[in-house]
Amino acid sequence: MAPRLLAWYDRHRRTLPWRALPGQRADPYHVWLSEIMLQQTTVAAVDAYYRRFLARWPTVGDLAAAPLDDVLHAWAGLGYYARARNLHKCAQAVVERHDGRFPDSEAALLALPGIGTYTAAAIAAIAFDRKATPVDGNVERVVARLFAIDTPLPAAKQELRIAAARLTPEGRPGDFAQASMDLGATVCTPRSPLCMVCPLAEGCAARAAGIAAALPRRTAKAARPRRLGVAFWIVRADGAVLLRRRVEKGLLGGMTEVPSSPWQEDGGALPEAAAHAPLDPGGWRSLPGLVRHVFTHFELELTVLAAEVPAGTPAPGGTFWVPIDRLVEHALPSVMKKVVRHALAGRDGA
Ligand code: SF4
């Protein structure tokens, strides 16, 4: 199958900003940056971020030398902030341990922060043409169909990985990896695979059995739990807003937030939640409506309590005042941008 897929790739490969032109070797920094950004999001969503990062930090050394806050700020909106922190750590590790050059083996790549099995294989194959098989969702789908593997995901992952590795050729493994991804993205698509134009149609077991669109099967997901919390929008008389930096570890670690109560399935009554406010302004106003945000493992609903405090009120420990018109300079995650918009709308509508 490999020769047919490679011949198809030579004619139909996608043009992507991080992809080397035919015959050229990809830059490992470009491959790594794009692969980290692309995890769990789309090419369209990543494009502008990728170009911005590269314009600002043209080499891995430039990224390593950047302040973490600048990197988090530039990442804001892509989600999964642990990834941005690991991105920065990884850039520093490449500079410190490898003299600013990415190592070319899967094993050495795996030892770097934030690089898992998939990313190590993708960099080894695409940037260094090593025989490695990165298996993303697209490749899982293609392989499940080619061999009509009907074990549901995620249990099928290992089986699909082994089958994909068997297909990988000795020659041009990097192009083969990208060809498999492209085939999954453009021909062997989730709902309506275009088997009529597929270079692998002959020999595809799912197509022969007429079950292509039903594969890969998946174990039904449990519904996301809902968590509740309260965000505290505290404005000083001179127009500054109270913000806080979240602890480094955990969800949205290191990002700036509008202070909030713990996010829990039992969010508790408002007076109890208000006890978590960084200061007691002596009078809260509950803004109408809720701020809703969907994280990977839960959905969040935040009530926003607003209050004004006199000019000169000091910021309690761990918090700081920021003029409203300078909020954009801070690395606010998407959920907190929603809180800010909600609070400003509440203020304007008050
Ligand atoms: Fe996918 Fe159809 Fe090609 Fe099989 S023949 S790999 S199902 S597009």
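Right above here is the structure, for reference.
Presented here is an overview of the structure given in this document. (Residues numbered from 1 in each chain as written. Predicted model: local features only at pLDDT ≥ 70, side-chain atom pairs only at ≥ 80, totals over all residues. Heavy atoms only, no water.)

Most often, soluble globular proteins keep nonpolar side chains buried together rather than apart. Within the largest apolar cluster, 86 residues are counted, with the highest numbers of intra-cluster contacts made by Trp32, Phe53 and Trp233. The biggest single contributor to this core is helix H8 (residues 117-128), with nine residues. Excluding anything up to four places from it in sequence, Trp233 contacts Val241, Val258, Val304, Leu305, Ala306, Ala307, Ile324, Leu327, Val340, Ala343 and Leu344. (Core = buried A, V, L, I, M, F, W, Y, C linked by side-chain atoms within 4.5 Å. Buried < 20%, exposed > 50% of the residue type's maximum accessible area, 1.4 Å probe, protein only. Helix = DSSP H or I, 4+ residues; strand = E, 2+ residues; numbered from the N terminus. Contact = heavy atoms within 4.5 Å.)

Another aspect to go through is the site of the ligand. Residues in close proximity to the ligand include Arg145, Leu146, Val187, Cys188, Pro193, Cys195, Cys198, Ala201, Cys204, Arg207 and Ala212, which together make up its full environment. Comparing atom positions with the cavity grids shows the ligand to sit within the second largest cavity. Of the residues assigned to the shell around the ligand, the class counts are nine nonpolar, no polar and two charged. (Near = heavy atom within 4 Å. 1 Å grid on protein atoms, 1.4 Å probe; cavity = no way out; pocket = protein on both sides within 12 Å on 5 of 7 lines; lining within 4 Å. Sits in = over half its atoms within 2 Å of the grid points. Nonpolar A, V, L, I, M, F, W, Y, C, P; charged D, E, K, R; others polar.)

As a volume, the second largest pocket reaches approximately 420 Å³. Gly79, Tyr80, Leu251, Phe295 and Thr296 are the residues nearest the centre of the second largest pocket, which is lined by 20 residues in total. When residues of the lining of the second largest pocket are traced back to their parent elements, those giving at least two are helix H6 (81-98), strand E5 (291-294) and helix H14 (334-349). Broken down by element, the residue count for the lining of the second largest pocket peaks at three residues, all from H6. (Points joined across faces, edges and corners; volume = space filled by probe spheres on them.)

Turning next to the pairing of strand E6 (residues 299-309). Judged by how many residues are buried, E6 sits mostly within the fold: nine of eleven residues are covered. Pairing geometry for strand E1 (residues 226-236) and E6, over eleven bridges, is parallel. Looking at E6, one finds that Phe232 is bridged to Leu305. By the bridge criterion, four bridges tie E5 to E6 in an arrangement that is antiparallel. Within the sheet, the bridge partner assigned to Val294 lies in E6 and is Glu299. (Pairing = 2+ DSSP bridges.)

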